[in-house]
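One-letter residues, chain by chain:
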Amino acid sequence: MSKQFAVIGNPIEQSRSPELHHAFAAKTGIDLNYSKRLAPLDGFEANIQEFFAHGGIGMNVTVPFKEQAFAQCQVLSERAKIAKAVNTLWMKNGILHGDNTDGQGLVDAIRALNWPLENTNILIIGAGGATRGVIYPLAQAGAKKIVIANRTLARAEQLVADLQDAVAQLELQAISLEHLAGEFDLVINATSASLSGDALLLPEALQFNYAYEMAYGKPSSFLDQAKARAVPTSEGFGMLVGQALESFSIWNGIKPDLKDFL
Ligand code: ATR
């Protein structure tokens, strides 16, 4: 029988994980079936128990269950502990294991673009779960300084206070979105602004060489402004493929090349 995998969320119809994992399977010759599972908002735990009780190998977790998945796991990777969120589950000897591959997905996507990360000065706009998940992997990839700009300054300050010890070699700073200024190698939009159709204003006093929008498939005023400045830009499809590949590699012990799936 094929190895069984799934992605769980609510809603789940929009997920592209099954097509990605089937493409990785075709590339590597692994016989697997990857399905979508819609769990009721109060039914996450029962759903994953049932999946693993029936021989499921691994699950991806998406909105709104990543924090619940984190709370359920008995063994967690370092990066999942820091992200306080889990997007990758597997069962080993009856023990639920969790990891978070989102940040490595972003790092791999940026590397596939041949953009620099080593010794860089990075601005991340937004201070929610998406930002929390990428700081540690960006630090591991060699970022020198990360400034977190958020509409609600206190939230960015809290993130810096929470994460500074885990990334001691990295300079972390919180600023208010109203005071966006300075020179950066890379700016990353980790807000949900484009998902809700809101505009973000990038002032002239803000200079940058590369711009990455984490969301994808929606009009983004962030990307429009970056393109108007003629800097290289990219949106979140590479990150989506990257996180999926990292999960695939955890479960199957083989990691195909990201560039083959962009
Ligand atoms: P996620 O888990 O995707 O990061 P989240 O935790 O809801 O989602 O965080 C959303 C982020 O987008 C926050 O940083 C939020 O800013 P606030 O902390 O001030 O709420 C940011 N955000 C959402 N809409 C925005 C907008 N229109 N302009 C600026 N920032 C916005």
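Numbering of residues starts from 1 in each chain and follows the order in which that chain's sequence is written. Residue-level local features of this predicted model are given only where pLDDT is at least 70; pairs of side-chain atoms are given and counted only at 80 or more, and the full residue set underlies all totals for whole chains, interfaces and linings. The side-chain quantities take in all heavy atoms of the structure and omit both hydrogens and water.

**Focus on the domain arrangement of the protein chain**
- An automatic or database domain assignment supplies the residue ranges for each domain. Looking at the assigned domains, one finds that the protein chain contains domain 1 (1-100 + 240-258) and domain 2 (115-230).
- Computed from C-alpha atoms alone, the centre-to-centre distance between domain 1 and domain 2 is 27 Å.
- Any two residues whose heavy atoms approach within 4.5 Å are treated as being in contact. Taken residue by residue, the interface counts seven residues in domain 1 and seven residues in domain 2.
- Defined here as a combined quantity, buried area equals the accessible surface (1.4 Å probe) lost by two parts on assembly, summed across both. The junction of domain 1 with domain 2 conceals about 630 Å² of combined surface from both sides, 66% of it contributed by carbon and sulfur atoms.
- The rule for a salt bridge is simple: a side-chain nitrogen of Lys or Arg has to be within 4 Å of a carboxyl oxygen of Asp or Glu. Counting the contacts that link domain 1 with domain 2 gives zero salt bridges.
- Under the rule applied, a polar contact is a pair of N or O atoms within 3.5 Å (in protein, one hydrogen donor and one hydrogen acceptor; residues adjacent in sequence only if both atoms are side-chain atoms). Applying the counting criterion to the domain 1 and domain 2 interface returns one residue pair in polar contact (both at pLDDT 80 or more).

**Here's the deal with the sheet that holds strand β11 (residues 206-213)**
- Strands qualify as paired when DSSP identifies two bridges or more between them. For the purposes of this entry, the term helix denotes a DSSP run of H or I that reaches at least four residues, the term strand denotes a run of E that reaches at least two, and both are numbered from the N terminus. One open sheet holds the six strands; their spatial order is β9-β8-β7-β10-β11-β12, and the pairing between them is parallel. This sheet does not close on itself; its edge strands, each paired only once, are β9 (171-176) and β12 (233-235). Each adjacent strand pair in this sheet contributes to an overall mean axis angle of 25 degrees, direction not counted.
- With four bridges connecting them, strand β7 (residues 121-125) and strand β10 (residues 182-189) associate as parallel partners. Looking at the pairing, Ile122 lines up with Leu186 of β10. Interaxial angle, 0 to 180 degrees, is taken between N-to-C directions of lines fitted to C-alpha atoms, where a helix line uses only the stretch in contact.

**Observations concerning the pattern of salt bridges**
- Considering all chains together, one arrives at 11 salt bridges under this definition.
- Its salt-bridge partner being Arg79, residue Glu246 comes within 3.0 Å of it at the nearest N-O pair. Remark: Arg79 occurs in helix α4 (residues 78-83) and Glu246 occurs in helix α9 (residues 237-252); sequence separation between them is 167 residues. Assigned by exposure class, Glu246 and Arg79 land together as buried. Only protein chains enter the accessibility calculation, which uses a 1.4 Å probe; a residue whose area is less than 20% of its type maximum is buried, one above 50% is exposed, and one in between is partly exposed.

**Considerations on unusual backbone geometry**
- The linkage connecting Asn10 with the following residue, Pro11, adopts the cis geometry, with an omega of 5 degrees.
- In this structure, Pro11 sits in the loop between β1 (3-9) and α1 (17-28).
- The amide bond that connects Val63 to the next residue, Pro64, takes the cis arrangement and shows omega of 5 degrees.
- If you check the backbone angles, Asn114 has positive phi at about 65 degrees while not being a glycine.
- Here Asn114 shows up in the loop between α5 (102-112) and β7.
- The class of Asn114 is exposed, set by a relative accessible area of 63%.
- Even without glycine at this site, Asn119 takes up a positive phi of about 60 degrees.

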